[in-house]
Amino acid sequence: MEMALQAHRPVSCRAALFRNERGNLRIKPFVGFFPNGRTPLPCKLPLWHNEYTASGVPFHVAAAAADFSRRKRRKRSTARPKESSTIEFSPKPPARSISNKRDQKSNHESCEGPGTVTMDHQARNLQSFEVKFEPDEEIEAEETDKNVADLTQDSKFDKTSNEKVPVSMNIMDKGTAGRIKEAVKAPQGKGVASVNADGIHLAITETEKPSTNVEEITNLEAKLKVEREAILKAEMEENLHRMEIERLADENFARGEKMFIYPQVVKPGEDVEIFLNRSLSTLRDEPEILIMGSFNDWCWKSFTVRLNKTHLNGDWWSCLIHVPKESYKIDFVFFNGQDIYDNNNKNDYCMPIEGGMDAFAFEDFLLEEKRRELEDLAREEAEREKQVEEKRRREAEKAASEADKGQARVEMEKQRGIWQELMRKSPKSIDGVWYIEPSDFKGQDLVRLYYNRSSGPLVHCNELWIHGGYNNWRDGLCISGKLVKSERKDDDWWYANFIVPDGALILNWVFADGPPQHAGLYDNNHRQDFHTIVLMSVPENIFWVEEERRIYKKLQEERRKREEAVHARAKKTALMKAETKERTLKRFLLSQKHIVYTEPLDVNAGDTVKIFYNPSNTVLNGKPEAWFRCSFNRWTHPMGMLPPQIMMPTENACLVKTTVKVPFDAYMMDFVFSEKEDGGIFDNKDGIDYHIPVFGGIVKEPPMHIVHVTVEMAPIAKVGGLGDVVTSLSRAVQDLNHNVDVILPKYDCLNLSNVKDFQFNRSFSWGGTEVKVWHGKVEGLSVYFLEPHNGFFGRGCIYGCSNDGERFGFFCHSALEFLLQSGFHPDIIHCHDWSSAPVAWLYKDHYTHNVLSKARIVFTIHNLEFGAHLIGKAMTFSDMATTVSHTYSREVSGNPVIAPHLHKFYGILNGIDPDIWDPYNDKYIPVPYTSENVIEGKRAAKEALQQRLNLKKADLPLVGMITRLTHQKGIHLIKHAIVRALECSGQVVLLGSAPDPRIQNDFVNLANQFHSSHADRARLVLSYDEPLSHLIYAGADFILVPSIFEPCGLTQLTAMRYGSIPVVRKTGGLYDTVFDVDHDKERAQAQGLEPNGFNFDGADSAGVDYALNRAIAAWYDGRDWLNLLCKRVMEQDWSWNKPALDYLEIYHAARK
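Residues numbered from 1 in each chain as written. Predicted model: local features only at pLDDT ≥ 70, side-chain atom pairs only at ≥ 80, totals over all residues. Heavy atoms only, no water.

Per an unreviewed UniProt entry, the chain goes by starch synthase and derives from Trapa incisa. Checking UniProt for the chain, the heading Pathway (unreviewed entry) contains the comment "Glycan biosynthesis; starch biosynthesis." UniProt annotates the chain under Sequence similarities (unreviewed entry) with the comment "Belongs to the glycosyltransferase 1 family. Bacterial/plant glycogen synthase subfamily." (UniProt positions renumbered as here; feature names shortened; annotations may be inferred.)

(A) A look at the overall build of the chain. Tallying secondary structure elements over the chain gives 21 helices and 52 strands in all. Within the span of the chain, comprising 1152 residues, buried residues form 50% of the whole. Restricting the contact set of the chain to residue pairs at least 6 apart, pairs at least 24 apart contribute 67%. Element-wise, carbon and sulfur atoms account for 51% of the exposed surface of the chain, whose accessible area totals about 55900 Å². (Helix = DSSP H or I, 4+ residues; strand = E, 2+ residues; numbered from the N terminus. Buried < 20%, exposed > 50% of the residue type's maximum accessible area, 1.4 Å probe, protein only. Contact = heavy atoms within 4.5 Å. Areas by Shrake-Rupley, 256 points an atom, 1.4 Å probe, with all protein chains shown as cover.)

(B) Local environment of the nonpolar core. With 78 residues, the main nonpolar core has Leu965, Ile978, Leu990, Phe1003, Leu1020, Phe1038 and Phe1094 as its most contacted residues. Other than its neighbours up to four places away in sequence, phenylalanine 1038 contacts Pro957, Leu958, Val959, Gly960, Ile1061, Val1063, Phe1094, Ala1111, Ile1112, Trp1115 and Leu1122. Core analysis: the next-biggest nonpolar cluster, separate from the first, contains 61 residues, Trp774, Val778, Trp841 and Ala874 among them. (Core = buried A, V, L, I, M, F, W, Y, C linked by side-chain atoms within 4.5 Å.)

(C) Representation of the packing of aromatic side chains. Throughout the structure, instances matching the rule amount to 48 aromatic pairs. An angle of 10° between the planes, with centres 3.6 Å apart, marks the rings of tyrosine 613 and phenylalanine 673 as stacked. Of the two residues, tyrosine 613 is situated in strand E30 (residues 608-613) and phenylalanine 673 in strand E35 (residues 668-676); the sequence distance between them amounts to 60 residues. Like phenylalanine 673, tyrosine 613 is buried. Between tryptophan 917 and tyrosine 1058, the ring centres sit 6.3 Å apart and the planes meet at 80°, which makes this aromatic pair edge-to-face. Of the two residues, tryptophan 917 is situated in the loop between strand E46 (905-907) and helix H12 (934-948) and tyrosine 1058 in the loop between helix H16 (1051-1057) and strand E51 (1061-1065); the sequence distance between them amounts to 141 residues. You'll find tryptophan 917 and tyrosine 1058 in the same group, each marked buried. Put simply, the rings of Tyr747, Phe793, Tyr799, Phe808, Phe811 and Trp834 touch in pairs and so form one group of aromatic residues. Residue placement shows lysine 873 over the ring face of tryptophan 841; its charged tip is 4.4 Å from the ring centre. Above the plane of the ring of phenylalanine 1003 lies lysine 975, whose end atom (NZ or CZ) is 5.5 Å from the centre. (Phe/Tyr/Trp six-rings, centres within 6.5 Å; stacked < 30°, edge-to-face > 60°. Lys NZ or Arg CZ within 6 Å of the ring centre and 35° of its normal.)

(D) Representation of the UniProt feature "coiled-coil region" (unreviewed entry) in the chain in the model. The UniProt entry lists residues 217-246 under the feature "coiled-coil region" (unreviewed entry), expressed in the numbering used here. Between the end C-alpha atoms of residues 217-246 there is a gap of 43 Å, over a span that is 100% helix and 0% strand.

(E) Representation of the pattern of salt bridges. Throughout the structure, instances matching the rule amount to 64 salt bridges. Arginine 453 serves as the salt-bridge partner of aspartate 492, at 2.6 Å between the closest nitrogen and oxygen. Remark: arginine 453 occurs in the loop between strand E20 (446-452) and strand E21 (465-470) and aspartate 492 occurs in the loop between strand E23 (484-485) and strand E24 (493-499); sequence separation between them is 39 residues. The buried category is assigned to arginine 453, whose relative accessible area is 16%. Glutamate 983 is the salt-bridge partner of arginine 980, the closest N and O atoms lying 3.0 Å from each other. One end of the pair, arginine 980, and the other, glutamate 983, are both in helix H13 (residues 971-983), 3 residues apart, so they sit about a helical turn from each other. Shared partners join several salt bridges into a network, and the residues in it are Glu368, Glu369, Arg371, Arg372 and Glu375. (Salt bridge = Lys/Arg side-chain N within 4 Å of Asp/Glu carboxyl O.)

(F) Local environment of the pairing of strand E11 (residues 290-295). The buried count for E11 comes to 5 of 6 residues, which makes it a mostly enclosed element. Where E11 meets strand E12 (residues 300-306), 5 bridges bridge the pair, whose relative direction is antiparallel. Pairing of isoleucine 291 across the sheet is with valine 305, part of E12. The turn linking E11 back onto E12 is made up of 4 residues, and asparagine 296 within it adopts a positive phi angle of 60°. In terms of strand pairing, E11 meets strand E15 (residues 329-335) through 6 bridges, oriented antiparallel. Counterpart to methionine 292 in the pairing with E15 is valine 333. (Pairing = 2+ DSSP bridges.)

(G) Region of the structure containing the sheet that holds strand E14 (residues 316-322). Spatial strand order, E9-E10-E14-E13: 4 strands in an open sheet with antiparallel pairing. Each edge of the open sheet carries a strand with a single partner, namely strand E9 (259-262) and strand E13 (308-309). Across 7 bridges, strand E10 (residues 271-277) lies against E14 in antiparallel orientation. Counted as the bridge partner of valine 272 is isoleucine 321 from E14.

(H) View of helix H20 (residues 1119-1131). The terminal C-alpha atoms of H20, which comprises 13 residues, lie 19 Å apart, in line with the 18 Å expected from a rise of 1.5 Å per residue. What H20 keeps buried is the set Leu1122, Leu1125, Cys1126, Val1129 and Met1130. Buried residues along H20 cover an arc of 135° about the axis, so they all sit on one side. Pointing more than 90 degrees away from the buried face of H20 are the exposed residues Asp1120 and Leu1124. In this structure, the buried side of H20 is in contact with H12, strand E50 (1038-1041), H16, E51 and helix H19 (1101-1117). (Expected span 1.5 Å × (residues − 1). Arc of directions from axis to C-beta.)

(I) Looking closely at unusual backbone geometry. A cis amide bond links glutamate 599 to the next residue, proline 600, at an omega of 0°. Assignment of secondary structure puts proline 600 in the loop between strand E28 (596-599) and strand E29 (603-604). Cis geometry marks the peptide bond from alanine 714 to proline 715, where omega comes out at 0°. Along the chain, proline 715 turns up in the loop between strand E38 (705-709) and helix H6 (721-735). A positive phi angle, near 65°, is found at tryptophan 298, a position not held by glycine. Its place among the elements puts tryptophan 298 in the loop between E11 and E12. Note on tryptophan 298: relative accessible area 36%, which makes it partly exposed. For aspartate 833, which is not glycine, the phi torsion reads 55° and is therefore positive. Counting through the fold element by element, aspartate 833 comes out in helix H8 (residues 833-836).

(J) The arrangement of the sheet that holds E38 in detail. Spatially, the 9 strands line up as an open sheet ordered E40-E41-E42-E39-E38-E43-E44-E45-E46, and their pairing is mixed. Two strands bound the open sheet, and with one partner strand each, they are strand E40 (756-766) and E46. When the angles between neighbouring strand axes are averaged without regard to direction, this sheet yields 25°. Here strand E41 (residues 769-778) pairs with strand E42 (residues 781-788) via 8 bridges, running antiparallel. Among the inter-strand pairings, glycine 776 is bridged to a residue of E42, identified as valine 783. Its contacts with the sheet put helix H21 (residues 1137-1151) on E38, strand E43 (828-832), strand E44 (856-861), strand E45 (880-883) and E46, and the angle it makes with E44 is roughly 140°. (Axes fitted to C-alpha atoms, helices over the stretch in contact; angles between N-to-C directions.)

So this is what it looks like as structure tokens:
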């Protein structure tokens, strides 16, 4: 059927827009009609709506020679009434639907000619889609098999009248209909669109914005053009891809290569196709082929994928693998899914990846991933701990609440019993003494209490006061008032008005001659106080229920306040300890700044760090070069030692520098210096090497296992400083995440009250003797107690037996046997002084070839005055040896038992335990204090000390001495110091005892003498008293330590912890820890400290006078300066924070 085009005006040239099977687009200007509504001519797409605008002539498009009998009838829709626009649809004959699914083989077909395209409509899948022109109205259109749909729309447009908008479009690609639906929406003005039966005729009447649809269509057409070009480009690339793969397959097969990849340059973040020629592989007979692989030397993202048969000539199989962006190599093998492999002759297949990470960058990436993983685990662990703590807190709260309820009931019953007893005894008045008006009253009533002044001891007083309370003074003094003279004439009556406290059952009071805090004379009813009963305002049973509830609430509130105070104090204590530890670590890092330091000072994992070195202060002084040799993690890092680096000069002529990148899995940086690249003279810090801790790494230092073999341990078996050192050092090392055990004889005089979880562990035999082993916890440390059945340690003492050498020798051997038979594998066995010195040679003689073989022996000399022969033998067999201060190590270095072993002999200062000696948490002093309130705290402690020892309560300089009375401690200097302090109008307190009876008796006579001549200013306490020692440290202004020799000394360290100024003789550890305020400023600064006390040379009275005179003069003449000095010494860290780090260096050096 044909229909003529009726032209009312000359018709403008239109563009016939269509697409051939290859997607090429062309236009053909024409005047007339489209047969079948389409043209097969390839053309390009013009901007038709700009170049071929309609002239305003309406026309119809006639379709002929087409079979529409099989088309589906279009949906007919009648426009609904609407203010802005209407759309009409005319009926359309059934038409055959055209598929929008693209045939994959179409890429390989060619056009038959420039003027025709052969199309088999019956071979296509059919699909229809909708085109919306209004939000609530739609038209169905067809799409061709190549996503080609022709929609011709002609309309009249008059620019002058602005009434019609021409729309002419052809739908080309899959998915375009949806966009047309969005783009070609009728505007909000009036308009009509219609479709005739033979084609599509669309007219839109627009009255408001005629250019909007034109712009939208322009944008749409531009998008269509871009998409068509992209599709064409993709098809071309696909063809090139296929041709390239075919070429590679042919070339590799010709060369006998059984595997290739495409693309041949593999890049991270992209896909790679791996091809295998099965006929050339060991898998030639296998029906299935899989690839199993991973990336980066088999350590990243493994995969297993099935290969598929390809279209390539030959038996080629392939699969697609995505390459992660973190990859630098692919590693893989082929297999049949079971046990037959093609692994490139046991070499595996590998392909490099270009443009991505290298192996080192990937290692850093893995470490960063590990760090994140550890952070996540830490957060999870913290959350679990938080939940556990919350559960524990709730359980504790519940238990405490039940306890409070029980206590409330007990107290209520007690009060009720007292009340019932007083009900029988308490009068409502006493004739001639007192009475109350009204006689019956209850809580909150106003009453008047009368008192006869002439009845008691206040008869001559001008003022009378009542001091009262209730319920046996439960809330203390809460009633107070002055009595006035009564008008009664029968006697000397006075009275006071007051309100009875609410809740009172019993009133309690006394009469006095003045107000509270100012009264001197009382009438307290012959020390029985006055009492009377208060009537209950509610029934008795209800009253006692309420009373029990009140007591319970009070107990709850008191407990809450206590817990808050404990929590606040613990929080502050932890904060102070953390701050102190941080300062000490910085001091530790700066302590070697005259030789080496880093920028930044705190080294973090992943940082690039500068190392500055001053060879002029080392064995490399004067050498032309300095080479830096570095590794990490105690020289155990997987990447080994870094290549030697020559150090470069700096602006400071004394310093040279280099840089090093710290890996993410580092916890320690280790380095030495040499004069040449290949070695020569080394500066290795006297064999210990230089070590700087690394923070924030993903790997933590593995813990060592240290076992102390000792005969003393505070507080359960303490004679001298050895016991303190063993306990405090062990705790400090354990706090650094290492494992520590202590082995100690089980003396029959042990103070087992300080041993937790004490229980039998096992028994073993050695030397024909059965040895029982007990275990317990002392100060948080694991302690094993050895109890041999030979009675060696049942003597009631630690030292002092005639066979002490035999006793302790047996103990040392049985300790090693216990470690062996118990399966221990310690890294370090640490023995102390002559008493456990035999451990060193017994281990080397008998235990180096068994399970204890990895252990190393560290030996510490606490005092060379005792057992020098045994100490010398232990020095020979130990791997490392220490003593308790730098100065003492120099003082004894010439001793014949020490001199041959100076290469492994080091001085390390002792420390004090900050938890035991802590003025902020000390239960033995009246006011807890820190450096912030040290003056107030020490003032209160001094007053308490004066009161306890019956000294004069006066503001005088107080000199304290806490010591064992032996010649080593300078007893002649102690006697002189007592006299000198008294001569300076000061007070003196001495606490100590003498193991020598003659010295003890001498000091007893001295005490009697001073107590007689200076009873209010001198006190000598000749015994051991732990609480008193704490009070002396806190209350004294100065602590005197005039030792003749002192390997370390803890007294001066404890004194500074409590803000007392040390006055010491320059020897051993006293010299290493006390820096004179007048003479040692530079020496203190070299240690990162400030001056902190007074010291003196010599061992005579003149030396003592020189130091003590300056100290007491500062107290009188410079109190403000002295107060600042007290604050300063409190803030210095003399704990085990730094010594523990030094001992760890010794332990590692022994193992190296």
